[in-house]
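In case you want the letters, here they are:
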Amino acid sequence: MDVLQNTTLGFLTSNGSSLIQPIMQGFTSLFLLGGFAFQAVLGLPGSARLRRDGEILKRTVDDFIAKEEPIALEELLCNIGSSGCHAQGASSGIVIASPSTSDPNYFYTWTRDAALVFKAIVDRLAYSYDANLQTQIQNYIVAQAKLQTVSNPSGSLSDGTGLGEAKYNVDLSAFTDGWGRPQRDGPALRAIAMIGYSKWLVANGYKSTATDLVWPIIRNDLTYVAQYWNQTGFDLWEEVNGSSFFTTAAQHRSLVEGSALAKTLGTSCPACDAIAPQVLCFLQTFWSPSNGYILANTNVNNGRSAKDANVILGSIHTFDPALGCDTATFQPCSDRALASHKAVVDAFRDIYTINSGVSAGSPIAVGRYPEDVYYNGNPWYLNTLAAAEQLYDSLYVWQTQGSITVTTTSLPFFQDLVPGVSAGTYNAGSETYTTLYNAVFIYAEGFVNIVSQYAGSDGSLAEQFDRNDGTPLSARDLTWSYASFLTAVARRSGIVPAGWAGAGSTATSVPGVCKATSQAGSYSTATISSFPASQTAITTGPPSNTFTRPTVTTTSAGPCATATSVKVTFNELKTTVYGQTVKIVGNVAALGNWDTSKAVALSASQYTTSNPVWQATVTLPAGQTIQYKYIVVNTDGSISWEADPDRSYTVPKTCATTAVKSDTWR
C-alpha cells in the first residue's frame, strides 16, 4: 500500500519536457523556455530579462528554504509536550498552539491545529522514517484518546457532543470559559491524521496495532461526523457560526478515507458509506456561479463577501493527486479552486500597505478575509504559504497528467499570468502548456518569497505580520505556521501524500438529489496507554513513485550577473495634512548626508485616507548599508523628525536591480 507518493517536479523547456533533478531537489531552473516560445504566447519582449528574474527568484526561495526548513521542524517539535522546549507543563503528545501566554494567550491545545500539525508529521514519517517523529505520533494518539473522554462545555463522549469542543487546557483538562462552540472540523481532521498513521502501520506490517489501538479513536470521530455534519458550527477562525467549506470538505474526506481504512482492517463503517455522498452533495452548494468563487461560509448573514482563505485551506487539505483536477471535490487545480484562489488573493491587494501597487497575477501577502479586524486584520504566514501550496499541488498534477485545461471559469486566473491565453486544453510539449506551467510556478515561488521577506530574523514564524510594515504580530512561533511551511516545501519538492479517495472510488460521484440526512451511532472509550515497541519501517527509503513523469531533458539558463546598483523604493506610512511633505534623509550622498535641505521628497501619488503611503525610489550601491530617517516638512518650512533610533538598511547584493523597503512613521 502506498503511504506517500513522489515525483520530482521540474521547470519546463520550450518543448514541454520536464527538468528533473534527484528527489528533494524540487523544481529546477526557472524560465528555461526558448525566447520565441515565450514571446509568441505572451507577446512580450526581453526573454533574457525574464529568465534572469526567474532565476533570481528561484535562488532566493532555495536559499530561504535551506535555512528555514530545519528551523521550522525544530520549532514545531518545540511546541509539543511534554519535552518540547516551549511546551513545559503540557502533557505528552499535546500540541500547544503557540508559546505565547499573553496578548494573545495561545498556550492551549486546539483539536484542529493539533490534527493539521500531526498530519504534516505523519506525511513526513511516511516519506522518510524517523523514530523520533514516530514517538511523537504515538504520544499524540494516546493524548487524543484521553481528550475524547473529557467532558466539556460542548458535551461529553456519551452522545459524541463533547468531540465538537475545539480547545483544551494543555494538561488535558476542559477549557470552560466562553468560546465559539461547537467546532465540527476537529473530529474530521483528527480522524484524517490518524488514518494516515494507520495506513503506515498497515503498509509496514502492523495491521493489528492499527485495528486494536488506533481504529477505536478514529471510529468515535467518524461517528461524530456522520451524526452531526449537517448541523451548523463555528468555522476554523472561530468567528462565524454557520456552514463552513473547510469543515465540510474535511468531513467528506474523513468519511471516504475512514470507510476505506475500515475495509482494510477487516471491519466496516456503514455510516461513512451512507453519509459521505450527502456531504459531497452539500459541498457543491458552496460554489457560487454568480460570484465565480467558492463561498467560505453559508447559512449565515454576516455582511461579508465570503472571500476567505478558508477555501484555499480546504482545497489543499483534501488534495488527492490521483483525482487530478476533479471539480466535485474542489481539487487544487480544478477550475473552481483556481478561480477561488484568484478571488481570495485579489481581495487583499488594495487593503494592505505592503501589497500596495502590486498588480493582479503577482504574489502578495494573504490574510484570512478582507473584513478581518483581529489585530487590525493582517496577513497570516500560513495563508500566504497555503496560496503557494495550492499552486504547487496543481503543478504536480499537470505534470503527471501531461496537460493543463483552461475553462471559462479558470480563464481569469490564467489570464492574470498569461494575458494572451484562451480556454482550451494544452498538452505537454506545446508552447502554451510550457508558458502556463512556468508562469504558475513563478507565481507560487513569489508567495514563499513574501514569507521569506517578513519572517523573523531568526527564522521564527508568528501568526500574522503587520499589514503596513511586515513586522511579525500576534502569537509568536505559531505551530500551524511551521506546519504550513513544511507542507508547502514538500509539495514544492514534488512530495505528495497518498490519495484518500481510493482506486475506483465513488468519492467524486455527486448524488442527483441532496438529502440532509445524518446517522446516529454509539461512542466508546478508546483505551490506550502505549504502543508496542520496535514497530519500525520495513524500509527507510522513500516509497516508489506510481506516477509517470514526462521525458527528462536538461537545459540551463546560465547564471545571472550580480547587480552593482539597486533602485530601492521606500514606502513610508504617514498620515499628513494638506501642505505637508514627507522626505527621507540619511548618511549617504543619495539621501543628503543628513542635510535636510538635500533630503529626497516622497510622492503622495498613491496616498489615500485608509492607506497613507508616501513613496520614493533611490538608486543605491548594491551591498551598501545605510542609516536614515523620515522627516515631515510643514507648510511653514519647519521640520518634524520621526523618533529615534536611526533606521538601518542593507541594500541587497544579488542579481536583482530593484528592491522595496516599507516603513511606518514612529
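In what follows, the structure referred to is the one given above.
Residues numbered from 1 in each chain as written. Predicted model: local features only at pLDDT ≥ 70, side-chain atom pairs only at ≥ 80, totals over all residues. Heavy atoms only, no water.

### Considering the state of the cysteines
For the structure shown, the criterion picks out 4 disulfides. Here Cys78 engages in a disulfide with Cys85; their sulfurs sit 1.9 Å apart. Between Cys78 and Cys85, the S-S torsion sits near 110 degrees, and that sign places the bridge as right-handed. (Disulfide = S-S within 2.5 Å.)

### A closer look at helix α7 (residues 245–264)
The end-to-end C-alpha distance of α7, which contains 20 residues, comes to 29 Å, matching closely the 28 Å that a straight helix rising 1.5 Å per residue would cover. With 17 of 20 residues buried, α7 lies mostly within the body of the structure. One side-chain oxygen of the residue at the start of α7 lies 3.3 Å from the amide nitrogen of Phe246, identifying that residue as Ser244. Two residues or fewer past α7, Gly266 is found with a positive phi of approximately 85 degrees. (Helix = DSSP H or I, 4+ residues; strand = E, 2+ residues; numbered from the N terminus. Expected span 1.5 Å × (residues − 1). Buried < 20%, exposed > 50% of the residue type's maximum accessible area, 1.4 Å probe, protein only. Polar contact = N/O pair within 3.5 Å; in protein donor to acceptor, adjacent residues only side chain to side chain.)

### Concerning the sheet that holds strand β4 (residues 233–234)
Read across the open sheet, the 3 strands follow the order β4-β5-β8; overall the sheet is antiparallel. Because the sheet does not close on itself, it has two edges, and the strands there are β4 and β8 (297–298). Relative to β8, strand β5 (residues 241–244) runs antiparallel, the two being bridged by 2 bridges. Among the inter-strand pairings, Ser243 is bridged to a residue of β8, identified as Thr298. (Pairing = 2+ DSSP bridges.)

### Notes on the pattern of salt bridges
Counted according to the given criterion, the structure contains 27 salt bridges. Linking Glu238 and Arg112 is a salt bridge whose minimum nitrogen-to-oxygen distance equals 3.6 Å. With a gap of 126 residues between them, Glu238 in the loop between β4 and β5 and Arg112 in helix α3 (residues 111–127) connect regions that are remote in the sequence. When its relative accessible area of 3% is taken as the criterion, Arg112 is described as buried. Here the residues in one salt-bridge network are Lys119, Asp123, Glu389, Asp393 and Arg491, joined through shared partners. (Salt bridge = Lys/Arg side-chain N within 4 Å of Asp/Glu carboxyl O.)

### Topic: the packing of aromatic side chains
Here the structure, examined in full by the defined rule, presents 33 aromatic pairs. Between Phe570 and Tyr628 the ring centres are 5.4 Å apart and the planes differ by 65 degrees, which places this aromatic pair in the edge-to-face class. Taken together, the residues span a long stretch of sequence, with Phe570 in strand β14 (residues 565–573) and Tyr628 in strand β18 (residues 625–633) at a distance of 58 residues. As far as burial versus exposure is concerned, Phe570 and Tyr628 are alike and both buried. Taken together through their ring pairs, the aromatic side chains of Tyr106, Tyr108, Trp110, Phe175 and Trp179 make up a single cluster. When the ring centre of Tyr108 is taken as reference, the NZ or CZ atom of Lys167 above it lies at 4.1 Å. The cationic tip of Lys167 hangs over the ring face of Trp179; the distance from NZ or CZ to the ring centre is 3.5 Å. (Phe/Tyr/Trp six-rings, centres within 6.5 Å; stacked < 30°, edge-to-face > 60°. Lys NZ or Arg CZ within 6 Å of the ring centre and 35° of its normal.)

### Some words on the nonpolar core
Among the nonpolar cores identified, the biggest contains 155 residues, and Ile141 and Phe414 are the most heavily contacted of them. With 14 residues, helix α13 (residues 431–454) is the largest single contributor of residues to this core. Counting 20 residues, the second largest nonpolar core, distinct from the first, contains Val568, Val588, Ala616 and Tyr628. (Core = buried A, V, L, I, M, F, W, Y, C linked by side-chain atoms within 4.5 Å.)

### Brief notes about the side chain of Ser474
Structurally, Ser474 can be placed in the loop between β12 (472–473) and α14 (479–492). A distance of 2.6 Å separates polar atoms of two side chains, one belonging to Ser474 and the other to Glu463. Residues in contact with Ser474, not counting those within four places in the same chain, are Pro104, Tyr106, Tyr374, Tyr375, Glu463 and Gln464. (Contact = heavy atoms within 4.5 Å.)

### Observations regarding the environment of Leu255
Inspection of the secondary structure assignment puts Leu255 in helix α7. Residues Leu255 and Val279, spaced 24 residues apart in sequence, show a C-alpha to C-alpha distance of 9.1 Å.

### A word on the environment of Pro363
Considering the arrangement of structural elements, one finds Pro363 in the loop between α10 (335–346) and α11 (381–401). Its relative accessible area of 23% is what places Pro363 among the partly exposed residues. For Pro363 and Glu445, which are 82 residues apart along the polypeptide, the C-alpha to C-alpha distance reads 8.4 Å. Those residues in contact with Pro363 that sit more than four places away from it in its chain are Val358, Tyr443, Gly446, Phe447 and Ile450.

### So, the packing of helix α4 (residues 131–147) against helix α5 (residues 185–203)
Axis separation between α4 and α5 bottoms out at 12 Å; the angle between their running directions is 135 degrees. On the basis of the axis angle, α4 is oblique to α5. Both α4 and α5 take part in a crossing whose hand is left-handed. Listed contacts from α5 to Gln134, Ile137, Gln138, Tyr140, Ile141 and Gln144 of α4 are Arg190, Ala193, Met194, Tyr197 and Trp200. In terms of residue class, the contact of α4 with α5 is built from 7 nonpolar, 3 polar and 1 charged. (Axes fitted to C-alpha atoms, helices over the stretch in contact; angles between N-to-C directions. Parallel < 35°, antiparallel > 145°, perpendicular 65-115°, else oblique. Left-handed = near helix turned anticlockwise from the far one by under 90°. Nonpolar A, V, L, I, M, F, W, Y, C, P; charged D, E, K, R; others polar.)

### A few points about unusual backbone geometry
Residues Gly81 and Ser82 are joined by a peptide bond in cis, for which omega reads 0 degrees. Along the chain, Ser82 falls in the loop between α2 (47–78) and β2 (109–110). Positive phi outside glycine occurs at Leu172, with the angle close to 75 degrees. Along the chain, Leu172 falls in the loop between β3 (167–168) and α5. Of note, Asp477 is a non-glycine position whose phi angle comes to about 45 degrees, a positive value. In this fold, Asp477 is placed in the loop between β12 and α14.

### Remarks on the packing of α3 against α5
Packing of α3 against α5 leaves a shortest axis separation of 8 Å and a crossing angle of 15 degrees. On the basis of their axis angle, the class for α3 and α5 is roughly parallel. Crossing of α3 against α5: the hand is left-handed. On α5, the residues that touch Thr111, Arg112, Ala115, Leu116, Phe118, Lys119, Val122, Leu125 and Ala126 of α3 are Asp185, Gly186, Pro187, Leu189, Arg190, Ile192, Ala193, Gly196, Tyr197 and Trp200. When grouped by side-chain class, the residues that make up the contact of α3 with α5 number 12 nonpolar, 3 polar and 4 charged.

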